[in-house]
Amino acid sequence: MKNKPISTALAFVAIIGISCKREGAVNKREMALAMEGSYQGTPVSMQYDEKIDSLIAQMTLEEKVGMLHGSSMFATAAVERLGIPEFTMADGPLGVREEISRDSWAPAGWDNDFATYYPAGGGLAATWNPEMAYRFGNSVGAEARARDKDMLLSPAINIIRTPLGGRTYEYFTEDPFLNKKMTVPFVVGVQENDVAVSVKHYAANNQETHRDYVDVQIDERTLREIYLPAFKAAVTEGQAYGFMGAYNKFRGDYLCENEYMLQTVLRDQWGFDGIVVSDWAAVHDTKKALESGTDIEMGTPKPFNEFYFADALIKAVKEGKIEERYVDRAVKRVLQVMFTIKAIDDEGRKKGELSTEKHFQDAYDIASESIVLLKNDGGLLPINLDNIKSVAVIGNNATKKNSLGGFGAGVKTKREVTPLEGLKNRLPESVQINYAEGYREGYSENEKAKLGDITLNGPVTLDELDPVLVEEAVNAAKNSDVAIIFAGSNRDYETEASDRASLALPFGQEALIEKVMEANPNTIVVMIAGAPFDLTRISEKSSALVWSWFNGSEGGNALADVLLGDVNPSGKLPWTMPRKLEDSPAHAIDAFPGDSTVVYKEGILVGYRWFDTKEIEPLYPFGYGLSYTEFEFLDVQTDKATYQEDEMIKIDVNVKNIGNITGKETVQVYVSKPNSTVERANKELKGFGKAELKSGETKTISIPIPIKELGYYNVANNSWEVEKGDYYIKVGNSSRNILSNIKITIN
């Protein structure tokens, strides 16, 4: 094998659910236990308040207002005479975005703004490993500092409500617990580099369709239990320095003008001390936005002085329509964060590093741990090279690069290893690679109107196969010992600003895959995508099916290593893959996409909660993922049978690798409450742990769960409440494969 990065061995990770600032904290011993493997950020510093007040007192109104709106595409104005620099930002979900012009989206044309391309959010979440989230955050944070950025517009953590979502690839998961456990270490990792995060998109921004104006209606319990936990944890545990206000409305008010969300919830209840930055052009009212809690307005459609927080704000203050104290409040928040990250007094500030081998290794390790083995009948995987002289590599996705593309932010990178390149790097020279494009990526401008508003102006694919390309693919498959077809999607098709019209595979891929499988029964199907597709027929007919992602600079190498068995796949799906769109909750009850208003009628039954509660069989369930080895769960037990509300459940699981090779397994703990006085899902994820085991090895995975994590949000008294009575602790390796069921009682 050639050019193989050394993969970092995964230490045991125990994941727990606890917020240290939450009321009714557990005792010190239990707190110490709970904090093992968790992450805590450093709060915004208040030690500079006297100096900040002095600076504000010296500023003119115009200087203060200049700090509250974009003076370029990604920066606010400096106050040079007082030593206050610009506050600079960069997009960052996939890595630090290339430098663009100060007054347009055109690339700046620099030759020193190349960056590492990291796996997309779905891939990161599929690792089920918070240590990987921390490494991602720490790595991309260092790159942001090397590019002299003060704020990284990341992570994007909205719940995946519909499989059609244009930004599903960028978001993490459909589950609030997994979401917060990946969010917090990411935030901590970034901010350790003296860079502020901007956690986005706050909140209930779960569709691209009508996102500029749709009014989202969610009941309070659903809001608190499903859509806010990760945002809350980003504040109370991660100590996030920045939030981004979303485009959409929530209960009648735009989210950048929503006093309930920005003031009551974010600041009063959670204690947020950072900056709220608007999404670009998401402010619609100067007075309402500023007074409700937005601090910086960013945008693009007009000259920078015409922003709501620019000339209009100066005019409103001078006319007495807005009190200047609101301007001062916002400026103070900005300065507090700038001092905290050493942006003003930069002595000792981290310098960062860009596109290093260490960062490419981070990208590789995340990618290699994210890949999900969906099916492996007949032993096709891992590929045994002993009897292989030729491999057919088929599909446009074998050579497609995804660091750039689509409407959303990408990364300009010097390294993006495609699947074909990865196989060339890994296969011995004695193995012949027969490549065929198979299908052509194409889009029709004239077909857009047929899709109406569901996908806005999203791309409409050309799905008729080219007979010449099909013949080349079939011949390559026939004349090779094994065929690998790379299909799925790309970042031109899955894109910000549009949701998909259906779950159908684009570009005629399903028909091509079937033809290739007919030509060579030893065909491995690899999907590269960020969101679910309809794979029912392919899953039924294929012997080997692998799911990969838009997986970063080293994605091709990581994928080749999994296919060849140098890496044992350990990824688990972070969302449910339905058999058909109508099985998904928002679509089953016609609650997507709405028009001017969308009502989340499914309530708390999002994702697997819906499928498991309604007993709907998914194609592949939440948390699912196979391995090249096999594991047994033995001696599952809780430390006792009865608990008080301020205690901690400790679950021990002996996991044994009963196969022949080293592998990693994720223990997933779900909790059920029978005979509840309120509506409950069949089960909810409340803990997980991941470990690496050698062949024949047994390890004990201990997962502590605070009793308070079992609470529901009581809307009658606006507080979290734990019901007394019996609960069931369900331990398994997916939401549908429960291997142990233990009853406990809470008194």
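Residues numbered from 1 in each chain as written. Predicted model: local features only at pLDDT ≥ 70, side-chain atom pairs only at ≥ 80, totals over all residues. Heavy atoms only, no water.

**Here we look at the overall build of the protein**
Right, on to step 1. Broken down by element type, the protein carries 20 helices and 29 strands.
Right, on to step 2. A compact globule built from 747 residues would reach a C-alpha radius of gyration of about 27 Å, and the protein, at 25 Å, matches this within 12%.
Right, on to step 3. If you line up the protein on its principal axes, its C-alpha atoms span 80 × 65 × 50 Å.
Right, on to step 4. Within the protein, buried positions represent 65% of all 747 residues. (Helix = DSSP H or I, 4+ residues; strand = E, 2+ residues; numbered from the N terminus. Rg over C-alpha atoms; globule rule 2.2 N^0.38 Å. Buried < 20%, exposed > 50% of the residue type's maximum accessible area, 1.4 Å probe, protein only.)

**A short note on the sheet that holds strand β6 (residues 196-197)**
Right, on to step 1. With parallel pairing, 3 strands are arranged side by side in an open sheet as β4-β5-β6. The sheet terminates laterally at β4 (89-91) and β6, the two strands that pair on one side only.
Right, on to step 2. Here strand β5 (residues 151-153) pairs with β6 via 2 bridges, running parallel. Each residue of the ladder has a partner; that of L152, found in β6, is V197. (Pairing = 2+ DSSP bridges.)

**Overview of the environment of E357**
Right, on to step 1. Along the polypeptide, E357 turns up in helix α13 (residues 357-370).
Right, on to step 2. Judged by its relative accessible area of 53%, E357 falls in the exposed class.
Right, on to step 3. Spatially, the C-alpha atom of E357 lies 9.4 Å from that of T116, the residues being 241 residues apart in sequence.
Right, on to step 4. Among the polar contacts made by the side chain of E357, one reaches the side chain of R415 at a distance of 2.6 Å. (Polar contact = N/O pair within 3.5 Å; in protein donor to acceptor, adjacent residues only side chain to side chain.)

**Considerations on the packing of helix α6 (residues 176-191) against helix α8 (residues 229-236)**
Right, on to step 1. Across the interface, α6 lies against α8 with an axial gap of 8 Å and an inter-helix angle of 30 degrees. When the interaxial angle is binned, α6 and α8 end up roughly parallel. Note that α6 runs across α8; the crossing there is right-handed. Taking contact as the criterion, the partners of P176, N179, K180, T183, V184 and V187 in α6 are, on α8, P229, A230, A233 and A234.
Right, on to step 2. For the contact of α6 with α8, a count of residues per class yields 7 nonpolar, 2 polar and 1 charged. (Axes fitted to C-alpha atoms, helices over the stretch in contact; angles between N-to-C directions. Parallel < 35°, antiparallel > 145°, perpendicular 65-115°, else oblique. Left-handed = near helix turned anticlockwise from the far one by under 90°. Contact = heavy atoms within 4.5 Å. Nonpolar A, V, L, I, M, F, W, Y, C, P; charged D, E, K, R; others polar.)

**Remarks on the environment of D311**
Right, on to step 1. By the secondary structure assignment, D311 is in helix α11 (residues 311-318).
Right, on to step 2. With a relative accessible area of 40%, D311 lands in the partly exposed category.
Right, on to step 3. In terms of polar contacts, D311 uses its side chain to reach the side chain of N305, at 2.8 Å.

**Thoughts on the packing of aromatic side chains**
Right, on to step 1. Under the criterion given, the structure shown has 27 aromatic pairs.
Right, on to step 2. Consider the rings of W547 and W549, whose centres lie 6.0 Å apart with planes at 70 degrees: the pair is edge-to-face. Of the two residues, W547 and W549, both sit in the buried class.
Right, on to step 3. By the ring-pair criterion, three or more aromatic residues cluster together here, those being W128, F177, Y608, F622, Y670 and F688. (Phe/Tyr/Trp six-rings, centres within 6.5 Å; stacked < 30°, edge-to-face > 60°.)

**Comments concerning the sheet that holds strand β8 (residues 215-217)**
Right, on to step 1. Strand order in this open sheet of 4 strands is β11-β10-β8-β19, and the pairing throughout is mixed. Sheet topology places β11 (253-254) and β19 (597-599) at the edges, where each strand pairs with a single neighbour.
Right, on to step 2. Sheet analysis places β8 next to strand β10 (residues 249-250), joined by 2 bridges and oriented parallel. Bridging across to β10, V216 finds its partner in F250.

**What about the pattern of salt bridges?**
Right, on to step 1. According to the stated counting rule, one finds 59 salt bridges in the structure shown.
Right, on to step 2. Its salt-bridge partner being D53, residue K332 comes within 3.1 Å of it at the nearest N-O pair. Linking K332 in helix α12 (residues 324-340) with D53 in helix α2 (residues 49-58), this pair joins segments that are 279 residues apart in sequence.
Right, on to step 3. Looking at K332, the relative accessible area reads 22%, which means it is partly exposed.
Right, on to step 4. By relative accessible area, D53 is classed as partly exposed at 39%.
Right, on to step 5. Here R161 makes a salt bridge to E602, at a shortest N to O gap of 2.5 Å. Note that R161 is positioned in the loop between β5 and α6 and E602 in the loop between β19 and α20 (608-613), a separation of 441 residues in sequence. Side by side, R161 and E602 carry an identical accessibility label, which is buried.
Right, on to step 6. Here the residues in one salt-bridge network are R167, E170, E208, R211 and E496, joined through shared partners. (Salt bridge = Lys/Arg side-chain N within 4 Å of Asp/Glu carboxyl O.)

**Regarding α13**
Right, on to step 1. The terminal C-alpha atoms of α13 lie 20 Å apart, and with 14 residues this matches the ideal 20 Å at 1.5 Å per residue to within 8%.
Right, on to step 2. Judged by how many residues are buried, α13 sits mostly within the fold: 12 of 14 residues are covered.
Right, on to step 3. The complete set of buried residues in α13 reads H359, F360, Q361, D362, A363, Y364, D365, I366, A367, S368, E369 and S370. (Expected span 1.5 Å × (residues − 1).)

**What to know about the pairing of strand β14 (residues 390-394)**
Right, on to step 1. In terms of burial, β14 is largely enclosed, as 5 of its 5 residues are buried.
Right, on to step 2. Of the two faces of β14, the one holding S390, A392 and I394 and the one holding V391 and V393 are both buried throughout.
Right, on to step 3. Where β14 lies against strand β15 (residues 432-436), 5 bridges are found, and the strand directions are parallel. Pairing of S390 across the sheet is with Q432, part of β15.
Right, on to step 4. Read as a crossover between parallel neighbours, the route from β14 over helix α14 (residues 419-426) to β15 is right-handed.
Right, on to step 5. Alignment of β14 against strand β16 (residues 482-488), held across 4 bridges, turns out to be parallel. Directly across from I394, in β16, lies its bridge partner I485. (Right-handed = clockwise from strand over helix to strand, strands pointing away.)

**Some details on the nonpolar core**
Right, on to step 1. Core analysis: the largest hydrophobic core is formed by 104 residues, its most contacted members being Y202, F243, F486, I524 and L563.
Right, on to step 2. Contacts of I524, omitting those with residues within four sequence positions, involve L380, L381, I383, V482, A483, I484, I485, A544 and L563.
Right, on to step 3. Residues M73, L153, I275 and V277 belong to the second largest nonpolar core, which totals 54 residues. (Core = buried A, V, L, I, M, F, W, Y, C linked by side-chain atoms within 4.5 Å.)

**A closer look at the pairing of strand β12 (residues 275-278)**
Right, on to step 1. Burial of β12 is two-sided: the residues I275 and V277 facing one way and the residues V276 and S278 facing the other way are all buried.
Right, on to step 2. Note: strand β9 (residues 242-245) against β12, 4 bridges, orientation parallel. Within β12, the residue paired with G245 across the bridge is S278.

**Topic: unusual backbone geometry**
Right, on to step 1. Residue P155 follows S154 across a cis peptide bond; omega there is 5 degrees.
Right, on to step 2. Between K200 and the following residue, H201, the backbone shows a cis peptide bond with an omega angle of 0 degrees.
Right, on to step 3. Notably, H210 is not glycine yet its phi reads approximately 60 degrees, a positive angle.
Right, on to step 4. The phi torsion at N718 lies on the positive side, around 55 degrees, for a residue other than glycine.

**Looking at the environment of N741**
Right, on to step 1. The residue N741 is located in strand β29 (residues 738-746) in this model.
Right, on to step 2. C-alpha separation for the pair N741 and L420, spaced 321 residues apart in sequence, amounts to 45 Å.
Right, on to step 3. If we skip the residues at most four places from it in the chain, N741 touches Y728, I729 and K730.

**Considering the packing of α2 against α12**
Right, on to step 1. The N-to-C vectors of α2 and α12 enclose an angle of 130 degrees; their axes lie 10 Å apart at closest approach. In terms of orientation, α2 lies oblique with respect to α12. Note that α2 runs across α12; the crossing there is right-handed. Residue-level contacts link D49, K51, I52, D53, L55 and I56 of α2 to D328, V331, K332, L335, Q336 and F339 of α12.
Right, on to step 2. For the contact of α2 with α12, the per-class residue count stands at 6 nonpolar, 1 polar and 5 charged.

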